[in-house]
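So you can see what is in the structure, the chains are spelled out below.
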Amino acid sequence: MYEEAPCGYISLSPDGHVVKVNRTLCNWLGLYGEGLIGRPFHKILSFGGRIAFETHLAPLLRLQGSVDEVALDVLHADGSKLPVLANAAEKRSASGEHLFTRLTLIKSVERRAYERNLQTSLATAEAAYTAEHDAAILREQFIAVLGHDLRNPLAAITAGIQMLRKHETLSERGKVVAREMSASVSRASALIDNVLDFARNRLGNGLAIERDSKAPLTPVLEQVIAEMRAVAPDHVIESRFSIDEPVSCDRVKIGQLASNLLANAVTHGAPDIPIVFSAATSPSHLTITVSNGGPRIDTKTQARLFQPFFRGDVRRSQNGLGLGLFIVSEIAKAHGGTIDVSSSEHETCFVFSMPIGEKP
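What comes next is a walk through the structure. Just so it is clear, the structure is predicted and the values come from calculations on it, not from any experiment. (Residues numbered from 1 in each chain as written. Predicted model: local features only at pLDDT ≥ 70, side-chain atom pairs only at ≥ 80, totals over all residues. Heavy atoms only, no water.)

## Some points on the environment of Met354
Here is step 1 of the chain: In this fold, Met354 is placed in strand β10 (residues 348–355).
Here is step 2 of the chain: Overall, the relative accessible area of 0% leaves Met354 in the buried class.
Here is step 3 of the chain: Taking C-alpha positions, Met354 is 7.2 Å from Ala332, a pair spaced 22 residues apart along the chain.
Here is step 4 of the chain: Setting aside its immediate chain neighbours within four residues, Met354 contacts Arg211, Ser248, Cys249, Ile254, Ser284, His285, Leu286, His335 and Gly337. (Helix = DSSP H or I, 4+ residues; strand = E, 2+ residues; numbered from the N terminus. Buried < 20%, exposed > 50% of the residue type's maximum accessible area, 1.4 Å probe, protein only. Contact = heavy atoms within 4.5 Å.)

In structure tokens form, the structure reads like this:
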């Protein structure tokens, strides 16, 4: 049993010399008889194995009398290395005198190869992640810069349209063209706002908000509804307000949230059914609800509505990036609130709710 065991057995004297070894270990090392007996144990260890033995295995043996699963490399007679796991225990007399040390050596060739492969795979995955992360940051920085630079020409177009309306006599067709141009500029501005907010959020800066607890919120929401009525004259938008002013919130971001919800209702709602926009406060919450008619949104689609770039089933003419509802969700989170959706055969309803007060 001792000589033919599937592991190597070796016994060392108190001064670290080999006093006994089984045939299994001799076969592994290609050394027999006088080649091992009486030899210092560190002589059959690799350089790294000697360091591990002197700095880890030997000190632990002195402290606790035993040690398990220490990785070592023993040397074959031809100089090649054999990776093993060593378990060791000291044998002492009743008086505490160190008599000898027993070691059990287990081959770990496949285990060591597996560990190396695992480390290589981990390093490769980390390098790939770093490269992809850097590329993503570069893309999002580019989006942010592009969105910022697009504001200037849009502002110039807006100013030009206003000058034409104010100082020039336009025909009926000219007025229609100016109105359509203004609506297109508003839509482009909203898209840029969504892209910039998305880029800021993905860059790790989060969606910054600036609370204002003095100015009223109602005029901002009324302006958003007026702009949407101008952009979508074929849709009827009913509004209902019951807000106890002022409300501590970022009025610009809440206006953007309302605009995105209305734009979504215009895009996906039935044109012959009025869109209902309501905003109300209770002692603890502000609630904004936007409902529209149209086909029911199935449960699977509802679960993905607030993911970035998800557009669902839209007609070819319904252009967009699929960021509107994602930005709505981020604005809600930034205010400590929630955004929920429900849908039936007759109505789809989005409900935003946020706690009101200086410290929600």
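So, next bit.
## Concerning unusual backbone geometry
Here is step 1 of the chain: The omega torsion across Glu245 and Pro246 is -10 degrees, close enough to zero to call that bond cis.
Here is step 2 of the chain: Tracing the backbone through its elements, the reader meets Pro246 in the loop between β6 (237–242) and α6 (251–268).

## Some words on the nonpolar core
Here is step 1 of the chain: Formed by 41 residues in total, the largest nonpolar core has its most connected members in Leu221, Ile254, Leu262, Phe277 and Phe352.
Here is step 2 of the chain: Within the residue set of this core, elements represented by two or more residues are α5 (218–231), α6, β7 (275–281), β8 (285–292), α8 (324–334), β9 (338–343) and β10.
Here is step 3 of the chain: Residues in contact with Ile254, not counting those within four places in the same chain, are Leu217, Leu221, Cys249, Ile288, Ile331, His335, Phe352 and Met354.
Here is step 4 of the chain: Val67, Val70, Leu82 and Ala88 belong to the second largest nonpolar core, which has 28 residues in total. (Core = buried A, V, L, I, M, F, W, Y, C linked by side-chain atoms within 4.5 Å.)

## Observations concerning the side chain of Ser329
Here is step 1 of the chain: Secondary-structure assignment places Ser329 in helix α8.
Here is step 2 of the chain: Ignoring anything within four residues of it in the chain, the contact list for Ser329 reads Phe306 and Ile339.

## A closer look at the pattern of salt bridges
Here is step 1 of the chain: For the structure on display, the rule yields five salt bridges.
Here is step 2 of the chain: As a salt-bridge pair, Glu4 and Arg23 come within 2.4 Å of each other at their nearest N and O atoms. One end of the pair, Glu4, is in the segment before β1 (8–12); the other, Arg23, is in helix α1 (residues 23–29), with 19 residues separating them in the sequence.
Here is step 3 of the chain: With relative accessibility at 56%, the residue Glu4 sits in the exposed group. (Salt bridge = Lys/Arg side-chain N within 4 Å of Asp/Glu carboxyl O.)

## A short note on the packing of aromatic side chains
Here is step 1 of the chain: In this structure the tally under the stated criterion is four aromatic pairs.
Here is step 2 of the chain: Seen from their ring centres, Phe306 and Phe350 are 6.2 Å apart, and the 85 degrees between their planes marks the pair as edge-to-face. With Phe306 in the loop between α7 (299–302) and α8 and Phe350 in strand β10, the pair connects residues that are 44 residues apart, well separated along the chain.
Here is step 3 of the chain: Judged by its relative accessible area of 18%, Phe306 falls in the buried class.
Here is step 4 of the chain: Over the face of the ring belonging to Tyr2 we find Lys20, whose NZ or CZ atom lies 4.7 Å from the ring centre. (Phe/Tyr/Trp six-rings, centres within 6.5 Å; stacked < 30°, edge-to-face > 60°. Lys NZ or Arg CZ within 6 Å of the ring centre and 35° of its normal.)

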